[in-house]
Amino acid sequence: MAEQIKTNRPYPIQVKLRDGRSAPIRVMQPSDLDMIVKFAKELPADDLLFLRTDITDRNVVKQWIDNIKNGQTLTLLAEIDGEIAAYASVHLDQARWTRHVGEIRVITLPRYRGTGLGRRLVAEVFDLARSLGLKKITAQMTTEQTAARAAFERLGFQVEAMLSDWVEDRRGRSRDLLIMTHDVAGFSDRIVA
């Protein structure tokens, strides 16, 4: 069993949002299970439709926490007024030939979108990726997730592949999967946190 990922950065940190509020960003802990489920249940149905896993399910969140404990995932949480407002994760691949690649996942509650919170979390994930020695970050989404694709393109991600009928949404409908990538080393040239 691998050990939980350690960060070089002293979390928690405070970030200032565009609307003037301040939000602490910290590393997710096992004790956050109930807060994550509550966060997930506040997400719109359309957001939940496209999540890779059903984070409204406590057992799925427990598996996520196990991945954190085992060093396969590192998740940062942003809080506003005592509630989780957003999270960003970097998921590591244990296969030898892709161990230099991490996958980013990020989602923000709708009422906190446009505040710069998601962008700041992505910047933090890239700092973590660099400290972990990762060379590339991938983001995966369906072709219908045009807002997510546009957001990642603004950050410098490029489409690497489109896989037809690769995933099924929560309703069992087949969807095409976009795989976007970004070189970790070049990220700081494009984003100012």
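Residues numbered from 1 in each chain as written. Predicted model: local features only at pLDDT ≥ 70, side-chain atom pairs only at ≥ 80, totals over all residues. Heavy atoms only, no water.

Undergrad: Please provide a residue-by-residue account of the pairing of strand 1 (residues 13-16), values included.
TA: Burial along strand 1 is one-sided: Ile 13 and Val 15 are buried, and none of Gln 14 and Lys 16, which face the opposite way, are. The pairing of strand 1 with strand 2 (residues 22-27) spans four bridges and is classified as antiparallel. Bridging from a neighbouring strand, Val 15 pairs with Ala 23 of strand 2. Counting the residues that bridge the hairpin from strand 1 to strand 2 gives five residues, and of these Gly 20 lies at a positive phi of roughly 95°. (Buried < 20%, exposed > 50% of the residue type's maximum accessible area, 1.4 Å probe, protein only. Helix = DSSP H or I, 4+ residues; strand = E, 2+ residues; numbered from the N terminus. Pairing = 2+ DSSP bridges.)

Undergrad: Give me the pairing of strand 5 (residues 101-108): which residues, what numbers.
TA: Counting buried residues along strand 5, six of its eight residues qualify, which places the element largely inside the surrounding structure. Pairing of strand 4 (residues 83-92) with strand 5, which is carried by seven bridges, proceeds in the antiparallel orientation. Its bridge partner being in strand 5, Val 90 is matched across the sheet by Ile 104. Pairing analysis gives three bridges linking strand 5 to strand 6 (residues 136-142), with the strands arranged parallel. Residue pairing in the sheet places Gly 102 in a bridge with Ile 137 of strand 6. You can see the chain leave strand 5, run along helix 4 (residues 117-131) and come back into strand 6, and the turn it takes is right-handed. (Right-handed = clockwise from strand over helix to strand, strands pointing away.)

Undergrad: Quick rundown of helix 4? Include the residues and the values.
TA: Structurally, the α-helix is built with 3.6 residues per turn, so residues lying three or four positions apart point the same way. With 15 residues, helix 4 ought to run about 21 Å at 1.5 Å a step, and its terminal C-alpha atoms sit 21 Å apart, in line with that. Burial in helix 4 covers these residues: Leu 117, Arg 120, Leu 121, Val 122, Ala 123, Glu 124, Val 125, Phe 126, Leu 128 and Ala 129. Downstream of helix 4 by one or two residues, Gly 133 has phi in the positive range, about 80°. (Expected span 1.5 Å × (residues − 1).)

Undergrad: Give a description of the layout of surface pockets that names residues and reports values.
TA: Put simply, the largest pocket is a space of about 1,400 Å³. What lines the largest pocket is a set of 50 residues, among which Val 106, Ile 107, Gln 145, Ala 148 and Phe 152 lie closest to the centre. Partitioning the lining of the largest pocket into residue classes produces 22 nonpolar, 15 polar and 13 charged. Around the second largest pocket sit Arg 52, Asp 93, Thr 98, Val 101, Gly 102, Glu 103, Lys 136, Thr 138, Gln 140, Ile 179 and Thr 181, which together line it. Put simply, the parts of the chain that give the lining of the second largest pocket at least two residues each are strand 5, strand 6 and strand 8 (174-183). Partitioned by chemical class, the residues of the lining of the second largest pocket number two nonpolar, five polar and four charged. (1 Å grid on protein atoms, 1.4 Å probe; cavity = no way out; pocket = protein on both sides within 12 Å on 5 of 7 lines; lining within 4 Å. Points joined across faces, edges and corners; volume = space filled by probe spheres on them. Nonpolar A, V, L, I, M, F, W, Y, C, P; charged D, E, K, R; others polar.)

Undergrad: Kindly report on the pattern of salt bridges, identifying the contributing residues and their values.
TA: Evaluation of the coordinates by the stated rule reveals 16 salt bridges. Of the charged contacts, one joins Asp 34 and Arg 58 as a salt bridge, the two residues approaching to 2.2 Å between their closest N and O atoms. With Asp 34 in helix 1 (residues 33-42) and Arg 58 in helix 3 (residues 58-69), this residue pair connects regions lying 24 residues apart in the sequence. Exposure remark for Arg 58: the relative accessible area of 39% places this residue in the partly exposed category. Put simply, Arg 149 and Glu 153 hold a salt bridge, and the shortest N to O gap is 3.0 Å. With Arg 149 and Glu 153 both in helix 5 (residues 146-154), this residue pair falls four residues apart, about one helical turn. One continuous salt-bridge network, built from bridges that share partners, spans Lys 38, Glu 42, Glu 83 and Arg 111. (Salt bridge = Lys/Arg side-chain N within 4 Å of Asp/Glu carboxyl O.)

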